[in-house]
Amino acid sequence: ALEYLDNNQYTVIISDMVRAEGSNEGYLLLKKVREKNIATPFFIYAGSNSSEHKTETKRRGGQDTTNNPQELFEMVTKSLLKD
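### Some points on helix 4 (residues 69-82)
- The terminal C-alpha atoms of helix 4 lie 20 Å apart, and with 14 residues this matches the ideal 20 Å at 1.5 Å per residue to within 8%.
- Among the structural elements, strand 1 (13-15), strand 2 (42-45), helix 3 (51-59) and strand 3 (64-66) are those in contact with the buried residues of helix 4.
- At the N-terminal boundary of helix 4, the capping side chain belongs to N68, with an oxygen 2.8 Å from the backbone nitrogen of Q70.

Written as structure tokens, this is what we have:
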């Protein structure tokens, strides 16, 4: 993903949280994206919709997280309309 981000521009980034490498890979990708000073809106689409995960995602520099496809659609649409 980071290689693609180095060579292309995207309007939003949607990441899952869990991958084979670990259970917090979404946060790890978010950290690496922000370390590269990429300000693209970053959403996590995961198995949780807890307020703790929403708070943690925002604390780490992401826009939001959800497990609900309609909510994800609304979050992304709202972020696109801000620009």
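### Considerations on unusual backbone geometry
- At N37, a residue that is not glycine, the phi angle is positive and equals roughly 60 degrees.
- Its place among the elements puts N37 in the loop between helix 2 (25-35) and strand 2.
- Owing to a relative accessible area of 69%, N37 belongs among the exposed residues under this scheme.

### Details of the pairing of strand 2
- Relative to strand 2, strand 1 runs parallel, the two being bridged by three bridges. Opposite S15, over in strand 2, you have I44 as the bridge partner.
- Since strand 1 and strand 2 lie parallel, the crossover through helix 2 that links them has a hand, and here it is right-handed.
- By the bridge criterion, three bridges tie strand 2 to strand 3 in an arrangement that is parallel. Paired with F43 across the two strands is D64, which belongs to strand 3.
- Note on the crossover from strand 2 through helix 3 to strand 3: the handedness is right-handed.

### Quick notes on the packing of aromatic side chains
- This structure, assessed with the given rule, holds zero aromatic pairs.
- The ring of Y27 has R60 lying over it, and the distance from NZ or CZ to the ring centre is 4.2 Å.

### Description of the pattern of salt bridges
- For the structure on display, the rule yields eight salt bridges.
- Its salt-bridge partner being K54, residue D64 comes within 3.4 Å of it at the nearest N-O pair. You can see D64 sitting in strand 3 and its partner K54 sitting in helix 3, a full ten residues away along the chain.
- As a salt-bridge pair, E56 and R59 come within 2.6 Å of each other at their nearest N and O atoms. With a gap of three residues between them, E56 and R59 both fall in helix 3, about one helical turn apart.
- Its relative accessible area of 59% is what places R59 among the exposed residues.
- When salt bridges that share partners are traced, they join K54, K58, D64 and E71 into one network.

What counts as what
- Residues numbered from 1 in each chain as written.
- Predicted model: local features only at pLDDT ≥ 70, side-chain atom pairs only at ≥ 80, totals over all residues.
- Heavy atoms only, no water.
- Helix = DSSP H or I, 4+ residues; strand = E, 2+ residues; numbered from the N terminus.
- Expected span 1.5 Å × (residues − 1).
- Contact = heavy atoms within 4.5 Å.
- Polar contact = N/O pair within 3.5 Å; in protein donor to acceptor, adjacent residues only side chain to side chain.
- Buried < 20%, exposed > 50% of the residue type's maximum accessible area, 1.4 Å probe, protein only.
- Pairing = 2+ DSSP bridges.
- Right-handed = clockwise from strand over helix to strand, strands pointing away.
- Phe/Tyr/Trp six-rings, centres within 6.5 Å; stacked < 30°, edge-to-face > 60°.
- Lys NZ or Arg CZ within 6 Å of the ring centre and 35° of its normal.
- Salt bridge = Lys/Arg side-chain N within 4 Å of Asp/Glu carboxyl O.

Remember, this is a structural readout, not a statement about activity or role.
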